[in-house]
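# Chain and residue survey
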Amino acid sequence: MKIKISSPIEKNGEMINELNLDLTKLTGRDMIDTEFEARALGDDTIQPLYGQRALAIIAAKASGLLVDDILSLPAPDYLVVTNSVNNFLFSWGLVAGMQASE
């Protein structure tokens, strides 16, 4: 999934104008690591995987960027990116749940 961003990010001398979130490459280990990282960043909710910190971590893992790159996006870009990750996770969970009940 490609997401255009309003403020380009400079990485290694290159300007990035869009993020390519390859969410399908994520693994179960990535999800567990994300929960651990979110807790290390101070998330103490019951289910941190769907919190803002975790969504930023997942976006970073899926894009190959650093979490700080995602967190430093302007708010409108940040919200588009994290909402896209959130929508993907919920739809992924729904599909898996429907397949399990068949």
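Further up the page is the structure itself.
First things first, this report covers the structure right here in the doc. (Residues numbered from 1 in each chain as written. Predicted model: local features only at pLDDT ≥ 70, side-chain atom pairs only at ≥ 80, totals over all residues. Heavy atoms only, no water.)

### Topic: the overall build of the chain
Stated formally: Numbering of helices and strands starts at the N terminus; helices are DSSP runs of H or I of at least 4 residues and strands are runs of E of at least 2. Only protein chains enter the accessibility calculation, which uses a 1.4 Å probe; a residue whose area is less than 20% of its type maximum is buried, one above 50% is exposed, and one in between is partly exposed. Residues are treated as being in contact if the distance between any of their heavy atoms lies within 4.5 Å. The Shrake-Rupley method, run with a 1.4 Å probe sphere, supplies the accessible areas, and residue values consider only the shown protein chains as cover.
Helix and strand content of the chain: four helices and two strands. The 102 residues of the chain split such that 37% are buried. For the chain, the proportion of contacts with a sequence separation of at least 24, taken over those separated by at least 6, is 52%. When the accessible surface of the chain is split by element, carbon and sulfur atoms take 56% of a total near 6300 Å².

### Here's the deal with the side chain of Ser63
To keep things clear, this is the line we draw: Between N or O atoms, a polar contact is any pair within 3.5 Å; within protein, one atom must be a potential hydrogen donor and the other a potential acceptor, and residues adjacent in sequence are included only when both atoms are from side chains.
The residue Ser63 is located in helix 2 (residues 52-63) in this model. Engagement of the side chain of Ser63 in a polar contact is seen with the backbone oxygen of Ala59, the distance being 2.9 Å.

### Some remarks on the environment of Met15
By the element assignment, Met15 lies in strand 2 (residues 14-20). Note on Met15: relative accessible area 46%, which makes it partly exposed. Apart from residues lying up to four places away in sequence, Met15 is in contact with Pro8, Ile9 and Glu10.

### Here's the deal with helix 1 (residues 28-40)
Because the α-helix completes a turn every 3.6 residues, residues three or four places apart line up on one side. The criterion, for reference: Helix span, expected: 1.5 Å multiplied by one less than the number of residues in the helix. This arc describes the spread of directions from the helix axis toward the C-beta atoms.
For helix 1, which comprises 13 residues, the first-to-last C-alpha distance of 19 Å matches the rise-based estimate of 18 Å (1.5 Å per residue) to within 8%. Among all positions of helix 1, only Asp30, Met31, Thr34 and Ala38 are buried. Down the axis of helix 1, the smallest arc covering the buried residues is 100 degrees, so these residues share one side. Of the residues in helix 1, the exposed ones pointing more than 90 degrees away from the buried face are Arg29, Ile32, Phe36 and Ala40. Positive backbone phi, approximately 105 degrees, marks Gly42, located one or two places after helix 1.

### Things to note about the nonpolar core
Cut-off, in case you're wondering: Side-chain atoms within 4.5 Å are what join buried Ala, Val, Leu, Ile, Met, Phe, Trp, Tyr and Cys residues into a set we call a nonpolar core.
Of all hydrophobic cores here, the largest spans 24 residues; its most connected members are Leu19, Leu21, Leu23, Ile58, Ile70, Leu73 and Val85. Among the elements that take part in this core, helix 2 stands out by supplying six residues, more than any other. When near neighbours in sequence (up to four residues on either side) are disregarded, Leu73 contacts Ile5, Ile9, Leu19, Tyr78 and Val81.

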